[in-house]
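# Coordinates in review
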Amino acid sequence: MTAQDFVSPDSIRAQFSAAMSQMYKQEVPLYGTLLELVSETNHQVMQQLPEIAEALRWTGEIERLDQERHGAIRVGTAEELATIGRLFAVMGMQPVGYYDLSPAGVPVHSTAFRAVHEQSLHISPFRVFTSLLRLELIDNPQLRELARGILAKRQIFTPRALSLIEQFERDGGLNDVDAREFVEQALHTFRWHNTATVTAEQYRQLHDQHRLIADVVAFKGPHINHLTPRTLDIDAIQVGMPAKGIPPKAVIEGPPRRRCPILLRQTSFKALQEQVAFSDQDATAGGSHTARFGEIEQRGAALTPKGRALYDRLLDATRESLGGVPAEANAERYMCLLAEQFQAFPDDLGQMRQQGLAYFRYFPTEKGMAARDAAQRPSSLDALIDAGHIHFEALVYEDFLPVSAAGIFQSNLGDDSHSQYGSNANREAFEQALGKSVQDELALYAQSERRSLQACAEALNLASL
Ligand code: OOG
Ligand code: NI
């Protein structure tokens, strides 16, 4: 077997993402409805605002938009997390970022598995927000042991998936036939099971401690709990959802509506109540569980540390002046306060660039190319931009936001979950469970920006930029 015969991990990821979407459409029909709404809205936006389509054409995002989605899973043990990491590596996905959800009363910490290079992201931007249950945060020792014992007995991967992962690690790749089989086998880990592994009474105990604990512990595997398409106008989606019979959560998480979107805005619809059979009951006993929900997101510019600090400060100030957590009752006031606070964040790509608030991608223009051998021409980046030799667009944010993720968790778990765990970040323990460190997303954006500057310099025949 030579490297030429291996299917690229990017292509395996694209296949897996398509297969996952297909599976989820069958499992959760509302997801299909949501996809239609998002696709209609995206077409409308591109027709009505050709400058948005133009920007997406520069960055190539226009080609990835239709297949853009992220999923989320919650695993129960360190071994499960480590093996999930190896499974995603077969698809070219690396753990990026560390998210501590404990301040929001959710006993998990998380990372996002995704491709890290812009060329790979262009082929498939599929990402999975992956959370690890933190049994150490459960204060009831008996329940902790019950959960530990149940989790120790389950195997969330098929034997064939495990052997294909080993084969990939040993040989350095998978051929076409093996890659297809891998996709099919890997999918099993993410399926929904309508039979629980615990009795109705055990489920009740786990559930009473925390709904999320029941969701992780009581089932055969880490069912994918949502799959999120990317829209170009989340406000239109929020307004359009009820007409399609989909009730949205009260507020859109993240920054307010802007001309130049930043980071990530997300909304979701409440979890579905689904029938399950507990191990001591049959399917007609009326058992149920709520786990799976729908989510939609709009992505904008990746922010530099300076931009991110400004974002965090404005978001904190908004929450402070609201005097509580945004919910149904204060939703309108929250969105007003948010818009007010964010007036302090420049809504113009040029200003955001000059003030060092966001990361960018740079492209040589036709004019720049025509002048590449001219004796007299500007050579600094700013001058080349002013002269129209270089065009820039914001680098899209590929990651998640902890406050938003907490809001999504909470709306899906019911607004009644409180902050009972305090702040308990423990990145070291997470990385130890994972068996490797998570990558720094800011470093990845900076590298991507650097590469685009280098490519520009080469194309324009300049020593450097
Ligand atoms: C994950 C919630 C977070 C996001 O997009 O921020 C999330 C979960 O509920 O498992 O998906
Ligand atoms: Ni999500």
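Scroll up to find the structure.
Presented here is a report on the structure given in the accompanying data block. (Residues numbered from 1 in each chain as written. Chains lettered and ligands numbered in written order. Predicted model: local features only at pLDDT ≥ 70, side-chain atom pairs only at ≥ 80, totals over all residues. Heavy atoms only, no water.)

Attention now moves to the site of ligand 1. What surrounds ligand 1 is the set His-70, Ala-72, Arg-74, Phe-129, Asn-225, His-226, Gln-266, Phe-293, Glu-295, Phe-400, Ala-405 and Phe-409. His-226 places a side-chain nitrogen or oxygen 2.8 Å from an oxygen atom of ligand 1. One of the side-chain N or O atoms of Glu-295 is found 3.0 Å from an oxygen atom in ligand 1. Relative to its unbound accessible surface of 320 Å², ligand 1 loses 100% to contact with the protein. (Near = heavy atom within 4 Å. Polar contact = N/O pair within 3.5 Å; in protein donor to acceptor, adjacent residues only side chain to side chain. Areas by Shrake-Rupley, 256 points an atom, 1.4 Å probe, with all protein chains shown as cover.)

The backbone phi angle of Leu-263 is positive, close to 50 degrees, even though this residue is not glycine. On the secondary structure map, Leu-263 appears in the loop between α12 (234-240) and β6 (264-269). According to the relative accessible area criterion, Leu-263 is buried, its value standing at 1%. Unlike most non-glycine residues, Asn-461 shows phi in positive territory, near 60 degrees. (Helix = DSSP H or I, 4+ residues; strand = E, 2+ residues; numbered from the N terminus. Buried < 20%, exposed > 50% of the residue type's maximum accessible area, 1.4 Å probe, protein only.)

This next bit is on the side chain of Lys-249. The topology assignment puts Lys-249 in the loop between α12 and β6. A polar contact of 2.6 Å, which involves the side chain of Lys-249, links it to the side chain of Glu-253. Setting aside anything within four residues of it in sequence, one finds Lys-249 in contact with Gln-238, Thr-267, Ser-268, Gly-407, Ile-408 and Ser-411. (Contact = heavy atoms within 4.5 Å.)

Below, the discussion takes up the nonpolar core. Counting 75 residues, the largest nonpolar core has Leu-101, Val-217, Tyr-311, Phe-345, Met-352 and Tyr-362 as its most contacted members. Residues in contact with Leu-101, not counting those within four places in the same chain, are Val-106, Val-108, Ser-110, Phe-129, Pro-402, Ala-405, Ala-406 and Phe-409. Counting 40 residues, the second largest nonpolar core, distinct from the first, contains Tyr-98, Phe-157, Ile-165 and Leu-434. (Core = buried A, V, L, I, M, F, W, Y, C linked by side-chain atoms within 4.5 Å.)

The next point concerns the sheet that holds strand β1 (residues 69-75). An order of β2-β3-β4-β1-β5 is seen for the 5 strands of this open sheet, with the pairing classed as mixed. Edge positions in the open sheet fall to β2 (94-100) and β5 (226-229), since each of these has one partner strand only. On average, each strand axis in the sheet is tilted by 20 degrees relative to the strand beside it, whichever way the strands run. Note: β2 against strand β3 (residues 108-114), 5 bridges, orientation antiparallel. When the sheet's bridge partners are listed, Tyr-99 is paired in β3 with Ser-110. (Pairing = 2+ DSSP bridges. Axes fitted to C-alpha atoms, helices over the stretch in contact; angles between N-to-C directions.)

In this section: the coordination of the nickel ion (ligand 2). The nickel ion (ligand 2) binds to the protein through His-70 (NE2), His-226 (NE2) and Glu-295 (OE), with metal-donor distances spanning 2.1 Å. Mapped onto the sequence, the residues coordinating the nickel ion (ligand 2) show the spacing H-x155-H-x68-E. Highlighted residues: His-70 in strand β1 and Glu-295 in strand β9 (residues 294-299), separated in sequence by 225 residues. Of the two residues examined, His-70 and Glu-295, each falls in the buried class. (Donors = N, O, S within 2.8 Å, 3.2 Å for Na, K, Ca; no water.)

For any pair of aromatic rings, geometry is given as the distance between the ring centres together with the angle between the planes. Tallied over the full model, the rule gives 17 aromatic pairs. Taking the centre distance of 5.0 Å and the plane angle of 70 degrees together, the rings of Phe-129 and Phe-400 count as edge-to-face. Taken as a pair, Phe-129 in strand β4 (residues 127-133) and Phe-400 in the loop between β11 (390-394) and α18 (402-413) lie far apart in primary sequence, 271 residues in all. For the pair formed by Phe-129 and Phe-400, the shared burial category is buried. Each member of the aromatic cluster is reached from another via a ring pair, and the members are Phe-16, Phe-88, Phe-113, Phe-126 and Phe-190. For Arg-299, the ring lying beneath its charged end belongs to Phe-400, and the centroid distance is 5.5 Å. Over the ring of Phe-392 we find Arg-353; its NZ or CZ atom is 5.2 Å from the centre of that ring. (Phe/Tyr/Trp six-rings, centres within 6.5 Å; stacked < 30°, edge-to-face > 60°. Lys NZ or Arg CZ within 6 Å of the ring centre and 35° of its normal.)

So, about the pattern of salt bridges. If charged atoms from side chains of opposite charge come close, those side chains can pair. In total, this model carries 36 salt bridges according to the counting rule given. Asp-399 is paired through a salt bridge with Arg-114; the nearest N and O atoms lie 2.9 Å apart. Of the two residues, Asp-399 is situated in the loop between β11 and α18 and Arg-114 in strand β3; the sequence distance between them amounts to 285 residues. Across this residue pair, the class does not change: Asp-399 and Arg-114 are buried. A salt bridge links Glu-181 to Arg-160, with the nearest nitrogen and oxygen atoms 3.0 Å apart. In this pair, Glu-181 is assigned in helix α9 (residues 176-189) and Arg-160 in helix α8 (residues 159-171), connecting sequence segments 21 residues apart. Residue class for Arg-160 comes out partly exposed when judged on its relative accessible area of 30%. (Salt bridge = Lys/Arg side-chain N within 4 Å of Asp/Glu carboxyl O.)

For the rest of this paragraph, the subject is the packing of helix α5 (residues 78-90) against α8. Interaxial distance between α5 and α8 falls to 10 Å at its minimum, and their mutual angle equals 60 degrees. Classified by the angle between their axes, α5 and α8 sit oblique to one another. In the packing of α5 onto α8, the handedness of the crossing is left-handed. Residues Thr-83, Arg-86, Leu-87, Ala-89 and Val-90 of α5 touch α8, and the partners they reach there are Leu-162, Ile-165, Glu-166, Phe-168 and Glu-169. Residues that form the contact of α5 with α8 fall into these classes: 6 nonpolar, 1 polar and 3 charged. (Parallel < 35°, antiparallel > 145°, perpendicular 65-115°, else oblique. Left-handed = near helix turned anticlockwise from the far one by under 90°. Nonpolar A, V, L, I, M, F, W, Y, C, P; charged D, E, K, R; others polar.)

A separate point is empty space enclosed by the protein. Here the structure, examined in full by the defined rule, presents 4 cavities of 30 Å³ or more. Looking at the largest cavity, it is lined by 15 residues, and the ones nearest its centre are Ala-72, Phe-129, His-226, Ile-408 and Phe-409. Of all elements in the fold, only β1, β4 and α18 reach the threshold of two or more residues within the lining of the largest cavity. Of the residues assigned to the lining of the largest cavity, the class counts are 8 nonpolar, 5 polar and 2 charged. (1 Å grid on protein atoms, 1.4 Å probe; cavity = no way out; pocket = protein on both sides within 12 Å on 5 of 7 lines; lining within 4 Å. Points joined across faces, edges and corners; volume = space filled by probe spheres on them.)

Another aspect to go through is helix α7 (residues 141-153). A rise of 1.5 Å per residue sets the reference length of α7, with its 13 residues, at 18 Å; its end C-alpha atoms lie 19 Å apart and thus fit the reference within 8%. Listing the buried residues of α7 in full gives Leu-143, Ala-147, Ile-150 and Leu-151. Take α7 and look down its axis: the buried residues cluster within an arc of 95 degrees, on one side only. In α7, the exposed positions that point more than 90 degrees away from the buried face belong to Gln-142, Ala-152 and Lys-153. Contacts from the buried residues of α7 go to α5, β4, α10 (200-209) and α11 (211-217). (Expected span 1.5 Å × (residues − 1). Arc of directions from axis to C-beta.)

None of this, on its own, says anything about what the molecule does.
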